[in-house]
Amino acid sequence: MSEQQSQPSERNTNGTSSNGGSNNGHHNGSNGKGEQPSSQASSPPINPFAPRYAQIVGWGYHVPEKVITNFDLEKIVDTQDEWIRSRTGIEQRHVAASPSETSATLGIQAAKAALEVADIHPSKVDLIICATSSPEHIFPSTASIIQDGLGANNAGAFDLSAACSGFVYALSMARGHILAGDAEYVLVIGAETLSRIVDWTDRATCVLFGDGAGAVLVAASDVPGGITASVLGSDGSGADLLTVPAGGSAMPSSLETVSSGGHYIKMDGTAVFRFATRVMADATRQVLGKAGLGIEDVDLVIPHQANIRIIQNSVLKQLKIPEEKVFVNLQKYGNTSTASIPIALCEAIEAGKIHPGNNLVFVGFGAGLTWAACTIKWSVPVAKPDETWWRNTARQATYQAAAARSMWKRAIRRVYSQFPGESRWGGRKEENELG
Ligand code: UT7
């Protein structure tokens, strides 16, 4: 199942044009102060001495079709729908049932949706950061596989490992790159297939997690707002509380690690619960302080969607933020780790909960132990545009061309691998051939 939101105008603010289709070159929205993000076709390039801001200009998500309800779980482990709903708030989760669905393929779909909303061609992207707790491999990075799938040929790509806090960590990295002037467009993705590392015989964990991906495109802008502050934290003394013990260098995969289930998620749920409840409230207070905002200035909190009781005990009770200002969708997806906040962001936009000028807080926690929060002054319009058939066709053609180019490169490498000599290992001759 794919969900996409569309956006009427390009939000490229660096004065260059995108290849995404016809654009009026004008930004429709306001940041609540009557200021308009600059149009890309008609505006001059950003003044290098002017302040830069990191705005979220595209968003999208993708979850697998297959849904597993609490009642389905009752048939495979000793659990009850009533227990899961009352202890966690979760009613169902999406699971990547097909082997062809991986963290990268889910991430690619989410990223395509985000680029579509922003109407930005993949070649404009400077950097792809994929936060994931269930990467495709130890290496190469899932981000590199996503980069290839998008045909984002001008982008650097890396994975970010901070467990469920990873998406907010990655937003903070994206902001840093943009404010430093190193990037104009950064794709930030949270992508997970946690069902592949969950022990489906362990009722304490298998009921909690789900699969999915969410993505945002962060763009350099001269419009004040966007990602305004972030707080990142870590306490490695709690590393053993939530971990996949085997498969890394500390405990390489072996017959023994596989037979003892060492490659599955292990968690001390109660300890993580206590930590999460404290840290969600503390991180929110800290980041609001950094942004110069009070609790009363917050329009919407999008917390990591792990457990409704954690959200109630921290955001609602400790911070006294009213329920209507806290977005929750964990009943539909379970805990999708790095994907939970961007999926919730997309659904909050769909639900009409986000408007230009709003102050948002994203706050998460996870293995590490880690925590992270950021504030966002939302500054772009969220209205749905009319999708034109030719824009859609152009997009499809772009991705088909990217797939063909990737296949061509692989084929050329295979051919060169048949010949001895320098070019076999990626020397000058092959590089020239690959372009
Ligand atoms: O992104 C970060 C990911 N991690 C988290 O967010 C986890 C945070 N922790 C939690 O959300 C909660 O601690 C859990 C939902 C994992 C557990 O809830 P709890 O209220 O802390 O339950 P508990 O672990 O104290 O267990 C209470 C009872 C135990 O039985 P006994 O010992 O009282 O007889 C468990 O064995 O519930 C039992 N139990 C279950 N019963 C039915 C544990 N899991 C299940 C289950 N179905 N799935």
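Scoring rules and cut-offs
Residues numbered from 1 in each chain as written. Predicted model: local features only at pLDDT ≥ 70, side-chain atom pairs only at ≥ 80, totals over all residues. Heavy atoms only, no water. Pairing = 2+ DSSP bridges. Helix = DSSP H or I, 4+ residues; strand = E, 2+ residues; numbered from the N terminus. Axes fitted to C-alpha atoms, helices over the stretch in contact; angles between N-to-C directions. Contact = heavy atoms within 4.5 Å. Buried < 20%, exposed > 50% of the residue type's maximum accessible area, 1.4 Å probe, protein only. Arc of directions from axis to C-beta. Polar contact = N/O pair within 3.5 Å; in protein donor to acceptor, adjacent residues only side chain to side chain. Near = heavy atom within 4 Å. 1 Å grid on protein atoms, 1.4 Å probe; cavity = no way out; pocket = protein on both sides within 12 Å on 5 of 7 lines; lining within 4 Å. Sits in = over half its atoms within 2 Å of the grid points. Nonpolar A, V, L, I, M, F, W, Y, C, P; charged D, E, K, R; others polar. Phe/Tyr/Trp six-rings, centres within 6.5 Å; stacked < 30°, edge-to-face > 60°. Lys NZ or Arg CZ within 6 Å of the ring centre and 35° of its normal. pLDDT = per-residue confidence, 0-100. Parallel < 35°, antiparallel > 145°, perpendicular 65-115°, else oblique. Left-handed = near helix turned anticlockwise from the far one by under 90°. Core = buried A, V, L, I, M, F, W, Y, C linked by side-chain atoms within 4.5 Å.

K.L.:
Quick rundown of the sheet that holds strand E13 (residues 359-366)? Include the residues and the values.
P.N.:
Ordered in space as E9-E14-E13-E12, the four strands form an open sheet in which the pairing is mixed. In this open sheet, the two strands that pair with only one neighbour each are strand E9 (226-234) and strand E12 (300-303). Across the sheet, the mean angle separating the axes of adjacent strands is 15° when strand polarity is ignored. Two strands pair when backbone bridges link them, and E12 and E13 are joined in this way by four bridges, in the parallel orientation. Bridge pairing links Leu 300 to Leu 360 in E13. Each of E9, E13 and strand E14 (370-377) touches helix H5 (residues 166-179); the most contacted strand, E9, lies at about 125° to it. The strands that helix H8 (residues 269-291) touches are E9, E12, E13 and E14; relative to E13, the one it contacts most, it runs at about 145°.

K.L.:
I'd love a proper account of helix H9 (residues 308-318), names of residues and values included.
P.N.:
Residue pairs three or four apart in sequence face the same way in an α-helix, which turns once every 3.6 residues. Inspection of H9 places Ile 308, Ile 310, Ile 311, Ser 314 and Val 315 among the buried residues, and these make up the whole buried set. The buried residues of H9 occupy one face: seen down the axis, they fall within an arc of 150°. Tucked into the core, H9 has its buried residues touching helix H2 (81-88), H8, E12, helix H10 (330-333) and E13. Near the N-terminus of H9, the side chain that reaches the backbone nitrogen of Arg 309, with its oxygen 2.8 Å away, is that of Asn 307. Just downstream of H9, Lys 320 is the residue with a positive phi angle, here 60°.

K.L.:
Describe the site of the ligand, and please don't skip the residues or the numbers.
P.N.:
If you check the shell around the ligand, you find 24 residues, and the closest are Thr 79, Arg 87, Cys 164, Asn 307 and Asn 335. Side-chain polar atom of Arg 87 to an oxygen atom of the ligand: 2.8 Å apart, as the coordinates give it. Between the ligand and Arg 309 there is a distance of 2.9 Å, counted from an oxygen atom to a side-chain nitrogen or oxygen. Assessed atom by atom at 2 Å from the grid points, the ligand resides in the second largest pocket. Broken down by secondary-structure element, the contributors of at least two residues to the shell around the ligand are H2, helix H6 (203-206), H8 and H9. Among the elements that make up the shell around the ligand, the one with the highest residue count is H8 (four residues). Looking at the shell around the ligand residue by residue, the class counts come to 12 nonpolar, eight polar and four charged.

K.L.:
Could you give an account of the packing of aromatic side chains, with specific residues and numbers?
P.N.:
Aromatic ring pairs are described here by two measures, namely the spacing of the ring centres and the angle between the planes. Summed over the entire model, instances satisfying the criterion amount to four aromatic pairs. A centroid spacing of 6.4 Å and a plane angle of 75° characterise the contact between Phe 275 and Phe 365, whose relative ring orientation is edge-to-face. Separated by 90 residues along the polypeptide, Phe 275 in helix H8 and Phe 365 in strand E13 bring together distant segments of the chain. A network of ring pairs unites the aromatic residues Phe 275, Phe 365 and Trp 371 as a single cluster. Lying over the aromatic face of Tyr 399, Lys 112 brings its terminal NZ or CZ to 4.2 Å of the ring centre.

K.L.:
Give a detailed account of the confidence of the model for the protein chain, specifying residues and quantitative values.
P.N.:
Averaged over the protein chain, the pLDDT score is 88; the fraction of residues at 70 or greater is 85%. A low-confidence stretch, residues 1-44 (pLDDT under 50), is modelled with 138 contacts involving residues beyond four sequence positions or located in other chains.

K.L.:
I'd like to hear about the packing of helix H3 (residues 103-118) against helix H4 (residues 142-150), residue by residue, with values.
P.N.:
Packing of H3 against H4 brings their axes to within 9 Å, and their N-to-C directions diverge by 55°. By the angle between their directions, the pair H3 and H4 is classed as oblique. Judged by the twist between their axes, the crossing of H3 over H4 is right-handed. Contact with H3, carried on its side by Ser 103, Ala 104, Gly 107, Ile 108, Ala 111, Lys 112 and Leu 115, involves Thr 142, Ile 145, Ile 146, Gly 149 and Leu 150 of H4 and no other residues of that element.

K.L.:
Give a detailed account of the packing of H8 against H9, specifying residues and quantitative values.
P.N.:
Between H8 and H9, the shortest axis-to-axis distance is 9 Å and the interhelical angle comes to 35°. Crossing geometry of H8 relative to H9 is assigned as right-handed. Facing H8, whose interface residues are Phe 273, Ala 276, Thr 277, Arg 278, Met 280, Ala 281 and Arg 285, H9 presents Arg 309, Ile 310, Asn 313, Ser 314 and Gln 318.

K.L.:
Can you explain the environment of Ile 197? Please cite residues and give values.
P.N.:
You can see Ile 197 is positioned in the loop between strand E7 (185-192) and H6. The class for Ile 197 is buried, based on a relative accessible area of 18%. C-alpha separation for the pair Ile 197 and Lys 266, spaced 69 residues apart in sequence, amounts to 9.9 Å. The contact partners of Ile 197, leaving out residues within four places of it in the chain, are Ser 133, Ser 134, Val 244, His 263, Tyr 264 and Ile 265.

K.L.:
Lay out the side chain of Thr 277 in plain terms, naming residues and giving numbers.
P.N.:
Tracing the backbone through its elements, the reader meets Thr 277 in helix H8. Separated by 2.7 Å, the side chain of Thr 277 and the backbone oxygen of Phe 273 make a polar contact. Setting aside residues no more than four positions away along its own chain, Thr 277 makes contact with Ile 310, Asn 313, Ser 314 and Gln 318.

K.L.:
For the nonpolar core, give the residues involved together with the corresponding values.
P.N.:
Counting 72 residues, the largest nonpolar core has Leu 150, Leu 171, Val 218, Ile 302, Phe 362 and Trp 378 as its most contacted members. With nine residues, the single largest contributor to this core is H3. The contact partners of Leu 150, leaving out residues within four places of it in the chain, are Ile 108, Ala 111, Lys 112, Leu 115, Pro 122, Ile 128, Leu 187, Tyr 399 and Ala 402. One finds Ile 265, Ala 281, Val 363 and Leu 369 within the second-largest nonpolar core, a separate group that totals 48 residues.

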